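# Report on the structure
The residues making up each chain are set out below.
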Amino acid sequence: NAKGRDEPSDVELSVDVPERIKLTLSRVETQLFRGLEAVVGEGYFAGYPFESRFRLKKPELLPRVRDKLPELLAVGEHNPIITFHLRPGVRWHDGVPLTAEDAKFTYQALVDPRNSSPRAGAFETIKSVEVVDELTVRVVYKRLHAQGILGWADVGLLPKHLLDDAGLAREADRRKLSPDERKKLSVRTSSFNRAPIGSGPFRFAEWLPDQYIHITRNDDYWGHKTAYRDAFFRVIPDYLTMELEFGAGALDMYESLPHQAARYRGDPNVRVLPNKEGSLTYIGFNQRLPMFKDVRVRRALGMAVDVEAIIRYVLSGEGMRSTGPFYSVTPYFDTTTKPLPYDPPAALALLEQVGWRKNARGTLEKDGKPFAFTLVTNNGNPQRKAIMIIAQEAWKKLGIDVKIQAFEWTVFLEEFVHTHKFDAFVLAYAGGAVDPDKFETFHSTQTNPYQPNYVGYESAEADRLLQAIREAYDEQELLRLTHQFHNLAARDQPLTFLYEPIRSVVLDKRIVRLEPRADGSVVKHQLETPSGGNLFHDFTQWRKLSASEQPSAD
């Protein structure tokens, strides 16, 4: 529009759909269309004359929709199908049966723009979700997506009866919302988010903001019942208070800072275990801003920060240097990729190449404008605050004016990260270690508000690799592509990859894992971190022994 912003508009058109051939395959064949070109002609799919099949009511709008035509008329579709068979007898915590309609509704809610779900990108390859019967769901993809099933494994289902239009209307009536408030009500703004109803082994009981969340055992759960009745997740503002509460017996466990974990090692009443599910701390620069668009600037800012010193002094050595977007414990991590060197003189030389020069006051400026920005993060994380201070001092030595600020978590996310109203931030991403799909985090189509490419990274080569990774069903081909992307990200620095922390959890030694045996007996194991790295993987099997009980001899 006149202000240079994207503005949605409707374009009326008709399409002359040609006769189509449907092939039913017993498995995914990634080279299908390449093979078919031997029959229909080389370049048939890429060079199809799409415009000849469309008639626009206003032909002058063709330039605005030309890129959309191949999506509206797919000349060659490869539609992998995943069929889910839901477990019978599962009920939501309010007693309503869980059915295939809930699975379909969950998909619809995820991709509904009103809900601004950051996970929508994981489902953009889906063509349709079909209810076959009460307990069967068929998911049809519009193109290849080898990791599609992992996207489903990463989200929980939503109860349709509470959150569809009828459910939201009932909520609006209960809350006596005004007409304007009713229009704004969605899954994202529903009271369900403050009092959720699920179908798992725990029921939501109570949430006192800034104090605790209380969950309780679901005695109607279809699977293994938890060994304890109640669990409380307390909100404690700082690590010193956590340590004091743990020492006083008011906490059974907490994720500690490295120097705190070191103090507990050797204590016969305490276990210190690593939670290695996967986490990567980084600095993100908003590449929508001119000052951060040039890769040389981002590389220079990264090269000015001594990451090894951060690991040594801030983490007490409990961390590993990151070189790119994949975790080092996965096969997708390219071991030949080198981290950015710590080299402030070379960093300054890169900035000078871009046109930044020191003025008489020793401050970098370009075209009369100083190099200045604000770095933000969330409160309650002393490591991120330390990173901000270290980075600020490092960049100040280059002649950059950097202000630092920390905000309450919700404010940090909603006012800065999700809305992209930031210069730079310190954050981390975690989980998803088994999933090589980084499409949502780095693809150029995921840069809108509430989408996970927060920094606005755009690269045609990255887009090509990210799409190819989604389409790679062969393990060796997948490894080749992920290593290429890891190396590309190390060069482009869409994020300044800092480190993977070793997150130590201190626990009361009386917490054990119960293992039922076929003869009815129960073995009480000392806790250990599972091979997958997630310490809390079997959390439902934990129990705290009484003072007189002892773990089994194993």
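Attention here is on the structure that accompanies the text. As the structure is a prediction and not an experimental result, all values here were calculated from the model.

## Some thoughts on the pattern of salt bridges
Scanning the model with the defined rule gives 34 salt bridges in all. Note that Glu-124 is salt-bridged to Arg-470, the shortest N-O span being 2.8 Å. Linking Glu-124 in the loop between helix H4 (100-111) and strand E4 (126-133) with Arg-470 in helix H18 (residues 460-470), this pair joins segments that are 346 residues apart in sequence. With a closest N to O distance of 2.3 Å, Arg-182 and Asp-173 form a salt bridge. For Arg-182, a relative accessible area of 36% puts it in the partly exposed group. When its relative accessible area of 47% is taken as the criterion, Asp-173 is described as partly exposed. Overlapping salt bridges bring together Glu-124, Arg-143, Asp-437 and Arg-470 as one network.

## Focus: the packing of H18 against helix H19 (residues 475-492)
Contact pair H18 / H19: the axes reach a minimum separation of 9 Å and the direction vectors enclose 155°. By the criterion of interaxial angle, the relationship of H18 to H19 is roughly antiparallel. For the crossing formed where H18 meets H19, the hand is left-handed. Judged by residue contacts, Glu-461, Ala-462, Arg-464, Leu-465, Leu-466, Ala-468 and Ile-469 of H18 engage Leu-478, Leu-481, Thr-482, Gln-484, Phe-485 and Leu-488 from H19. Residue composition of the contact of H18 with H19, grouped by class: nine nonpolar, two polar and two charged.

## Re the packing of aromatic side chains
Counted under the stated rule, the structure contains 35 aromatic pairs. Measuring from centroid to centroid gives 5.9 Å for Tyr-282 and Tyr-429, while their planes differ by 45°, and the two rings are tilted. Here the residue Tyr-282 occupies a position in strand E11 (residues 279-285), and Tyr-429 occupies one in strand E18 (residues 424-430), the gap between them amounting to 147 residues. Residue Tyr-282 shares its accessibility class with Tyr-429, and that shared class is buried. On the basis of an interplanar angle of 75° and a centroid distance of 6.4 Å, the ring pair of Phe-326 and Phe-485 is categorised as edge-to-face. Taken together, the positions of Phe-326 in the loop between strand E12 (319-321) and helix H14 (344-354) and Phe-485 in helix H19 put the pair 159 residues apart, joining distant regions of the chain. Comparing Phe-326 with Phe-485, the two get one shared label, buried.

Thresholds, definitions, all that
Residues numbered from 1 in each chain as written. Predicted model: local features only at pLDDT ≥ 70, side-chain atom pairs only at ≥ 80, totals over all residues. Heavy atoms only, no water. Salt bridge = Lys/Arg side-chain N within 4 Å of Asp/Glu carboxyl O. Helix = DSSP H or I, 4+ residues; strand = E, 2+ residues; numbered from the N terminus. Buried < 20%, exposed > 50% of the residue type's maximum accessible area, 1.4 Å probe, protein only. Axes fitted to C-alpha atoms, helices over the stretch in contact; angles between N-to-C directions. Parallel < 35°, antiparallel > 145°, perpendicular 65-115°, else oblique. Left-handed = near helix turned anticlockwise from the far one by under 90°. Contact = heavy atoms within 4.5 Å. Nonpolar A, V, L, I, M, F, W, Y, C, P; charged D, E, K, R; others polar. Phe/Tyr/Trp six-rings, centres within 6.5 Å; stacked < 30°, edge-to-face > 60°.

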